[in-house]
Structures are given as structure tokens and as C-alpha cells.
Amino acid sequence: MSNFIVYVEQQDGSPRQAGLEALGAATAAGATATAVLSGADAQDAAGKLAQAGVANAICLDGPGSETSDALAKGIADIVSAQSAAGFLAAATSTGRDLAPRIAAHLDSVLFSDITGFEAAGDGFQVNRPWLAGKAIASLTSSASAMVATTRLNVFLAQGGGSAPAVENQTLADAGKIRVIGLEAAAKAKLDVAEAPVVISGGRGLKDEETFGMLDGLADAFGDAAVGASRAVVDAGWRPHSEQVGQTGKTVSPKLYFAVGISGAIQHLAGMKTSGTIVAINKDADAPIFKVADYGIVGDAAEILPALTEAVSKIKAQG
Ligand SMILES: Cc1cc2nc3c(=O)[nH]c(=O)nc-3n(C[C@H](O)[C@H](O)[C@H](O)COP(=O)(O)OP(=O)(O)OC[C@H]3O[C@@H](n4cnc5c(N)ncnc54)[C@H](O)[C@@H]3O)c2cc1C
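Just so you know, these numbers come straight off a predicted model, no measurement behind them. (Residues numbered from 1 in each chain as written. Predicted model: local features only at pLDDT ≥ 70, side-chain atom pairs only at ≥ 80, totals over all residues. Heavy atoms only, no water.)

A separate point is unusual backbone geometry. Both trends apply: most residues other than glycine have a negative phi, and most peptide bonds are in trans. Phi is positive for D12, which is not a glycine, with a value near 50 degrees. Structurally, D12 is set in the loop between β2 (10-11) and β3 (14-15). A positive phi is found at S83, a non-glycine position, where the angle reads about 45 degrees. Within the secondary structure layout, S83 lies in the loop between α3 (68-81) and β6 (86-90). (Helix = DSSP H or I, 4+ residues; strand = E, 2+ residues; numbered from the N terminus.)

Turning our attention to the pattern of salt bridges. Taken as a whole, this structure holds 10 salt bridges when the rule is applied. Put simply, E9, R16 and E194 are held in one network by salt bridges that share partners. (Salt bridge = Lys/Arg side-chain N within 4 Å of Asp/Glu carboxyl O.)

Let's shift gears to the domain arrangement of the chain. Considered domain by domain, the chain is made up of domain 1 (3-170) and domain 2 (197-316). Each of domain 1 and domain 2 was reduced to a C-alpha centroid, and the two centroids are 31 Å apart. Taken together, the contact between domain 1 and domain 2 spans 8 residues of the former and 8 residues of the latter. Between domain 1 and domain 2, the buried area comes to about 670 Å², and carbon and sulfur atoms account for 56% of it. Area buried by domain 1 at its contact with domain 2 is led by A132, R151 and N153, which between them contribute 62% of it. Counting across the interface, domain 1 meets domain 2 through 0 salt bridges. There are 1 residue pair in polar contact (both at pLDDT 80 or more) connecting domain 1 and domain 2. Split into classes, the residues belonging to the side of domain 1 that touches domain 2 amount to 3 nonpolar, 2 polar and 3 charged. (Domains from an automatic or database assignment. Contact = heavy atoms within 4.5 Å. Buried area = accessible area lost by both parts, 1.4 Å probe. Polar contact = N/O pair within 3.5 Å; in protein donor to acceptor, adjacent residues only side chain to side chain. Nonpolar A, V, L, I, M, F, W, Y, C, P; charged D, E, K, R; others polar.)

The side chains of a regular strand alternate between the sheet's two faces. Judged from the 5 bridges that link them, strand β8 (residues 116-120) and strand β9 (residues 123-130) form a sheet pairing that is antiparallel. The residue bridging F117 from the neighbouring strand is V126, located in β9. Hairpin geometry of β8 and β9 is characterised by an intervening segment of 2 residues between the two adjacent antiparallel strands and by a positive phi of about 60 degrees at G121. (Pairing = 2+ DSSP bridges.)

As a structural note, the neighbourhood of the ligand is formed by 25 residues, with R203, S229, T247, S262 and N281 the closest of them. Here Q266 contributes a side-chain N or O atom positioned 2.8 Å from an oxygen atom of the ligand. Starting from 990 Å² of accessible surface for the ligand in isolation, the protein chains cover 77%. When residues of the shell around the ligand are traced back to their parent elements, those giving at least two are α7 (230-234) and α8 (265-268). Here the residues of the shell around the ligand sort into 5 nonpolar, 14 polar and 6 charged. (Near = heavy atom within 4 Å. Areas by Shrake-Rupley, 256 points an atom, 1.4 Å probe, with all protein chains shown as cover.)

The next subject is the side chain of S200. Within the secondary structure layout, S200 lies in strand β13 (residues 197-201). Given the relative accessible area of 0%, S200 is considered buried. In this structure the side chain of S200 is engaged in a polar contact, spanning 2.8 Å, whose partner is the side chain of Y256. (Buried < 20%, exposed > 50% of the residue type's maximum accessible area, 1.4 Å probe, protein only.)

Before going further, it helps to spend a moment on a nonpolar patch on the surface. Side chains of I177, V179 and L182 sit close together on the surface and give an oily, nonpolar patch of about 320 Å² of accessible area. Looking at the secondary structure, you find L182 in the loop between β12 (165-170) and β13. Taking the relative accessible area as the measure of exposure, L182 reaches 84% and is therefore exposed. (Patch = residues over 30% accessible without salt bridge, like charges linked within 9 Å, V, L, I, M, F, W, Y side chains within 5 Å.)

Let's shift gears to the nonpolar core. In this structure, F4, V6, L23, L37, L49 and F117 are the most contacted members of the largest nonpolar core, which totals 32 residues. For this core, the element with the most residues is helix α1 (residues 17-28), which contributes 5 residues. Setting aside anything within four residues of it in sequence, one finds L49 in contact with P15, L20, L23, A35, L37, V54, A57 and P164. The next biggest cluster of nonpolar side chains, apart from the first, holds 25 residues, and it includes F211, A228, L255 and V259. (Core = buried A, V, L, I, M, F, W, Y, C linked by side-chain atoms within 4.5 Å.)

So, in C-alpha cells, the structure goes:
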């Protein structure tokens with residue numbers, strides 16, 4: 001059976017959901033997966049992979065586990081040593097940093113942000129959106145090891161299995177990057193690319209203050225992040241890290257709200273694969289309604305308070 005090396009990010013000793021999804025992509029395609037984790041708490045996180053359907057985990061520590069430069073070399077060596085069918089990582093900023101370096105080490109190619117992964121003939125085939133989501137390309141690789149990043153919230157984490165056998169390796173070579181210091185962001189917010197619910201707002205919200213109503217709705221959901229159209233980011237209401245679209249982040253949450261967003265093709269490119277799309281727009285002919293599963297025609301400033309109250313009530317009922 002083909003084996004994939006899958007990088008599983010961990011935070012404070014727990015595997016991140018995005019990494020479990022990448023493992024799920026491999027096992028759902030009929031491959032086995034070896035999880036690779038790095039950092040001080042990697043062993044704690046590996047111990048929590050019992051339900052992830054993974055038999056083996058490798059924990060990397062040492063100076064080389066701290067920078068993408070050296071870590072990529074270490075992981076590429078594992079792929080080669082195990083003659084693995086390939087490497088997968090979630091398309092988080094860390095995964096997007098590691099994967100192309102690993103592809104280069106393996107003289108392979110990178111399929112980024114894939115939305116489909118399955119066995120095909122002797123190898124594997126990926127699907128990924130092309131042309132700002134207008135087409136879905138099915139691709140395969142003639143390289144000996146396939147390298148891909150998985151789009152967040154698309155693949156299902158698999159259940160079952162017992163705790164993996166854990167092997168520890170030390171990466172002594174720190175590579176060319178020196179970490180001078182790390183400073184945690186002031187407020188740990190859910191990243192728009194990872195949140196299961198995303199509430200995005202556009203120019204239709206008129207000003208920064210009205211836009212702030214989206215924070216209230218996100219708080220009511222609890223597990224939601226606020227996103228923005230480019231018009232909003234250009235206006236300086238929100239940071240670029242929250243922009244959804246062709247020149248922002250690609251999101252694929254279970255539930256996506258587009259509030260006061262017209263639905264320009266560049267915005268759709270970043271959210272079209274979301275599970276359920278709800279659009280709120282005062283113009284019944286706005287293009288966003290063509291991709292929406294549910295639409296509310298009306299003034300967002302009037303609808304948002306009622307919606308926030310309704311969500312809060314439902315959440316309070318448990
Ligand atoms: C190369 C390139 C890359 C780009 N990348 C991105 C990108 O990554 N992400 C992105 O979003 N855009 C991107 N754009 C910009 C994109 O083309 C649009 O200009 C942008 O998405 C429009 O933002 P908007 O929908 O917020 O604003 P608008 O297009 O102005 O739409 C506002 C909407 O709000 C509605 N509205 C108004 N008042 C209300 C109200 N009171 N209640 C409810 N609805 C109301 C209106 O009917 C309208 O539909 C890119 C453009 C280019 C050329």
C-alpha cells in the first residue's frame with residue numbers, strides 16, 4: 001500500500017484540525033499515512049493522534065526543526081528514506097512555506113491547495129481549482145513523489161485506529177534561517193482560512209462602525225471568523241489578513257456569510273467551495289445570489305442585529 005508522509009502542525013501539544021484533514025485526505029484515498037510533527041510539544045501532539053487513523057508518527061526536534069529551511073530538508077529526507085508515495089500538508093501558512101521547499105528537494109512538482117485526492121491507476125490524482133475557480137483541473141504527477149497542500153475545511157479527518165508508534169529524530173543542522181525571536185500576536189483570533197464559519201462583509205456595510213456588527217455575529221457563533229472583501233481592505237476598515245478572494249485568502253468553511261458583498265469573480269475565487277453560502281444584499285440582482293444557497297434581500301444594518309439575536313438564542317439553548 002502507498003504511504004504518504006503528512007506534516008501535522010501542532011499547537012501547545014495538540015494536533016491542529018487542518019493537519020488531521022491532510023491525514024484524512026491520504027487515508028480516504030486508500031493510502032497509509034506517516035504523520036510528521038515538529039516542535040517542543042510534538043510528542044504530546046503525536047500521542048493525541050489515536051483517532052486519526054495513522055499508524056506511525058515521527059517527531060522532529062533539534063535546531064533544524066525550528067525553521068522551514070531545515071525542516072523541509074529533514075522531511076524530504078524522510079520521504080526519500082521511506083520511498084513514500086509523496087508528501088501532504090494542509091495549506092496553512094506553514095504548509096505553504098514547507099511544501100514547495102520539499103518539492104524542490106525531491107525534484108518533484110507542487111500541487112497547491114487541492115480540493116480532491118484519490119487513487120488513480122498506479123498513483124494518485126489531485127483536483128484543484130484553476131482560473132480563479134472557473135475550472136477544476138484533475139492532475140497527476142510523473143515525479144516519483146507527489147507533493148501537495150490540502151485546502152482547509154475540504155477533507156474530513158478520519159476516525160479509528162489506535163495510538164501511533166512514535167519515533168523521535170533530531171535535526172541537528174539549523175539550515176540558513178536563524179530565529180531571533182518569536183512574539184505571540186496580541187489577541188489569538190481564529191484565522192479566516194481555518195474557521196468553520198466565516199462572516200465576510202463588503203462595501204455595502206458603508207463604514208467601519210457598521211462593519212463591526214459582523215464581529216457581534218461572529219461572537220454569537222463562537223467558532224466564527226470575520227472576513228472582508230478587497231473593497232473593505234482597500235478602505236482600511238480591516239487588515240489584509242482578513243481579505244477573502246483571488247488576492248486574499250482562500251476559504252472553504254462549512255458556513256459562509258457574504259454581507260454587502262456584490263460577488264465579483266475575484267471574491268468568488270476565494271470562497272466558492274464553501275459548504276453553505278448565505279448572502280445578504282439589498283440588490284436582488286447582485287451576482288453573489290448566483291452562488292448562494294440562501295439569500296436575504298434587504299438592508300444589512302437592519303438584518304444583522306436580528307440575525308445576531310437569533311443565533312445567540314439558539315446557541316444559548318445549546
Ligand atoms: C486583480 C484583482 C484582484 C482582486 N482580488 C480581490 C479579492 O481577493 N477579494 C475581493 O473581494 N475582491 C478582489 N478584487 C476586487 C473585486 O473586483 C471587487 O471590486 C470587490 O470584490 C468588490 O467588493 P464589494 O463586493 O465589497 O463591493 P461592491 O462591489 O461595491 O459591492 C457592494 C455590495 O453591497 C450591496 N449593498 C449596498 N448597500 C447595502 C446594504 N445597506 N445592505 C446590504 N447590501 C448592500 C450592493 O448592492 C453591492 O452588491 C480584485 C480585483 C482585481 C482587479
